[in-house]
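Residue-level listing of the chains:
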Amino acid sequence: ISNKDLPFLYYSYLKVISSDKRKDIFFKIKLNEYLKNKITQDSYKYIIDFLSGPGYGFDKNNLSLAHFCIFIEHCFNSYDHTFWKTFNGPINEVWFNPWVKFLKKNGVKFYFNNTLTKINYSKNLITSLEFSNNNNDNKIVYSDNFILSINPNNCYDIFKNSNLINLSKKFLKLSVSNNQISFRLGFKKKINFDKKYTGIILYDSPYNITLRAYDNHWDDKYKLDYNGNIKSLWSGTLVTTYVKGSLFKKTATSLDKKDLIKEIIHQIKESKKFINYIENNNDFKFSENDIIHTEIFQDWYFKDNRLISKNKKWINTNFNEDHRPSNFTNFENFYISGSHTKTSTNLWLMESSVESSLITCNLIFKKYNDKILKIYEHKSKFYFKLLKYFDNFLYNYKIINILDMLLLIIIILIIYYIYKKY
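We now turn to the structure provided with this report. Keep in mind the model is a prediction, meaning the values are calculated, not measured.

1. A closer look at the sheet that holds strand E9 (residues 291-296)
So, point 1. What the five strands build is an open sheet, ordered E6-E7-E8-E5-E9; its pairing is antiparallel. Edge positions in the sheet fall to strand E6 (200-202) and E9, since each has one partner strand and no second. Each neighbouring strand pair of the sheet contributes to a mean axis angle of 20°, computed without reference to strand direction.
So, point 2. Alignment of E6 against strand E7 (residues 209-213), held across three bridges, turns out to be antiparallel. The partner of Leu202 across the bridge, within E7, is Ile209.

2. Notes on helix H6 (residues 91-105)
So, point 1. Compared with the 21 Å implied by 1.5 Å per residue over 15 residues, the 20 Å span of H6 between its first and last C-alpha is a close match.
So, point 2. At Asn97, H6 shows its largest bend, some 30°, and a proline, Pro98, comes one to four positions later.
So, point 3. Residue Gly107 follows H6 closely and has a positive phi angle near 95°.

3. Quick look at the pattern of salt bridges
Any two side chains of opposite charge can pair, on the condition that their charged atoms come close.
So, point 1. Throughout the structure, instances matching the rule amount to 11 salt bridges.
So, point 2. Here Lys28 ties to Asp322 by a salt bridge, and the two come within 2.8 Å at their closest N and O atoms. In this pair, Lys28 sits in the loop between helix H2 (23-27) and helix H3 (31-35) while Asp322 sits in the loop between strand E11 (306-309) and strand E12 (334-336), placing the two residues 294 residues apart along the sequence.
So, point 3. Among the salt bridges present, the one from Glu288 reaches Lys269, with a minimum N-O distance of 3.0 Å. Of the two residues, Glu288 sits in the loop between helix H10 (272-280) and E9 while Lys269 sits in helix H9 (residues 257-270), which places them 19 residues apart along the sequence.
So, point 4. The exposure class of Glu288 is partly exposed, given its relative accessible area of 40%.

4. Some words on the pairing of strand E5 (residues 181-187)
So, point 1. Burial of E5 is extensive: six of the seven residues sit out of reach of the surface.
So, point 2. As paired strands, E5 and strand E8 (residues 232-238) are joined by seven bridges and run antiparallel to one another. From the neighbouring strand, Arg184 faces E8, where its bridge partner is Ser235.
So, point 3. By the bridge criterion, five bridges tie E5 to E9 in an arrangement that is antiparallel. Paired with Phe187 across the bridge in E9 is Ile291.

5. Points about helix H5 (residues 65-77)
So, point 1. Given a rise of 1.5 Å per residue, 13 residues ought to cover 18 Å, and the 18 Å separating the end C-alpha atoms of H5 matches this to within 8%.
So, point 2. Where burial is concerned, most of H5 is hidden: 11 out of the 13 residues are buried.
So, point 3. Where the residues of H5 are buried, they touch helix H1 (6-17), H2, H3, helix H4 (41-55) and helix H12 (382-396).

6. Side note on the side chain of Ser246
So, point 1. The topology assignment puts Ser246 in the loop between E8 and H9.
So, point 2. Side chain to side chain, Ser246 and His266 meet in a polar contact 3.5 Å long.
So, point 3. Ser246 has contacts with Pro206, Glu263, His266, Gln267 and Glu270, leaving out every residue within four places of it along the chain.

7. Some points on a positive patch on the surface
So, point 1. A cluster of like positive charges, contributed by Lys169, Lys170, Lys173 and Lys342, occupies part of the molecular surface.
So, point 2. Secondary-structure assignment places Lys170 in helix H8 (residues 165-174).

8. Considering the sheet that holds strand E3 (residues 139-141)
So, point 1. Read across the sheet, three strands follow the order E1-E2-E3 without closing on themselves; strand pairing throughout is antiparallel. At either end of the open sheet lies a strand with only one pairing partner, and these are strand E1 (115-122) and E3. Each adjacent strand pair in this sheet contributes to an overall mean axis angle of 25°, direction not counted.
So, point 2. Where E1 and strand E2 (residues 125-132) come together, seven bridges link them in antiparallel fashion. Note on E2: the bridge partner recorded for Ser122 is Leu125.

Conventions adopted
- Residues numbered from 1 in each chain as written.
- Predicted model: local features only at pLDDT ≥ 70, side-chain atom pairs only at ≥ 80, totals over all residues.
- Heavy atoms only, no water.
- Pairing = 2+ DSSP bridges.
- Helix = DSSP H or I, 4+ residues; strand = E, 2+ residues; numbered from the N terminus.
- Axes fitted to C-alpha atoms, helices over the stretch in contact; angles between N-to-C directions.
- Expected span 1.5 Å × (residues − 1).
- Bend = angle between axes of the 7 residues up to and from the residue.
- Salt bridge = Lys/Arg side-chain N within 4 Å of Asp/Glu carboxyl O.
- Buried < 20%, exposed > 50% of the residue type's maximum accessible area, 1.4 Å probe, protein only.
- Contact = heavy atoms within 4.5 Å.
- Polar contact = N/O pair within 3.5 Å; in protein donor to acceptor, adjacent residues only side chain to side chain.
- Patch = residues over 30% accessible without salt bridge, like charges linked within 9 Å, V, L, I, M, F, W, Y side chains within 5 Å.
- Areas by Shrake-Rupley, 256 points an atom, 1.4 Å probe, with all protein chains shown as cover.
- Lys, Arg positive; Asp, Glu negative; His and termini not counted.
- Charge placed at Lys NZ, Arg CZ, Asp CG, Glu CD.

Any functional reading would require information that these geometric values do not contain.
So this is what it looks like as structure tokens:
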């Protein structure tokens with residue numbers, strides 16, 4: 001970021017973070033439109049094409065000014081924001097499988113590969129849920145309380161099918177798809193990376209490709225494949241799937257899986273800085289012939305000349321903030337959890353999912369007069385909370401933002417000082 005852009009960027013950041021009731025205005029402002037023509041091209045590309053898209057995982061075309069500033073504030077507030085942390089093995093083996101095993105031991109029953117199709121209700125109570133699977137083995141589940149932890153895009157379909165009109169309307173406005181596509185490449189050679197890098201972003205590639213080398217972070221006990229032929233395994237994500245690629249001149253979602261892999265490899269080879277980086281850290285040249293495994297994640301399938309995801313990804317945008325639901329509903333025994341609900345984290349992050357689940361648990365515990373759980377809330381520093389307090393006062397009387405007010409007072413004092421002196 002250019003030094004001459006820093007005053008404007010700090011001013012914009014502080015203006016958002018010092019706002020509370022007024023923040024709704026900033027949620028509706030697109031970051032890219034706000035910054036365009038106000039900062040240098042290099043700074044703009046770094047913030048929009050690097051940080052916003054592949055860096056933080058937002059849709060850079062619909063990211064709001066407020067969401068971006070909130071993310072930056074979370075980074076500043078963390079104890080160690082030098083590097084992001086990653087798992088030291090496959091997610092299933094190091095996280096989900098042990099978790100499922102623990103929950104089963106404590107009496108939780110799982111029905112995997114079943115799809116929730118309908119919610120049955122009577123007056124202000126949910127009575128049962130209906131599930132289906134590929135074997136046409138339909139199930140009906142009864143319970144005292146129901147928690148729906150499903151991404152908002154699928155929620156809409158379920159609510160509509162269940163004739164829950166008010167909820168379906170709310171989630172229709174909340175629904176948005178982020179078509180980021182994930183892939184893997186396996187190599188027969190060990191490719192060395194500097195281990196201080198969690199990942200690498202090719203932001204000069206049309207699809208804004210991000211890469212992470214599993215073998216650079218996994219413990220040696222975890223295998224990259226079953227037969228040991230793969231020596232380096234890369235996981236990658238295509239961030240800007242709506243931009244035309246450099247090989248087939250088509251968007252990522254317009255290609256079938258076979259051609260998309262060709263396009264990905266072509267764009268990786270086109271990134272001269274990245275290829276030079278590999279060759280400077282290894283005693284061989286990068287070669288497509290070393291790739292012995294390619295994979296677009298199973299989540300994606302090609303239909304009607306388009307790649308479609310079975311599980312749509314929700315994401316924060318400049319138009320869906322107003323429609324984020326609370327964890328409780330109009331039904332006495334029905335709750336909603338997930339990063340799309342209202343939390344202090346306020347972003348589509350794992351931290352928000354954890355917070356949301358704890359909020360739901362406490363709603364149920366309170367109902368039964370049980371001991372509630374402690375929830376870590378993501379709060380602003382004291383001095384920002386103080387500014388928010390004063391800004392809310394100004395906002396109630398339709399007066400300018402507290403930061404603008406302070407700047408105005410400083411300018412008036414400077415003018416007054418100059419006037420008195422001369």
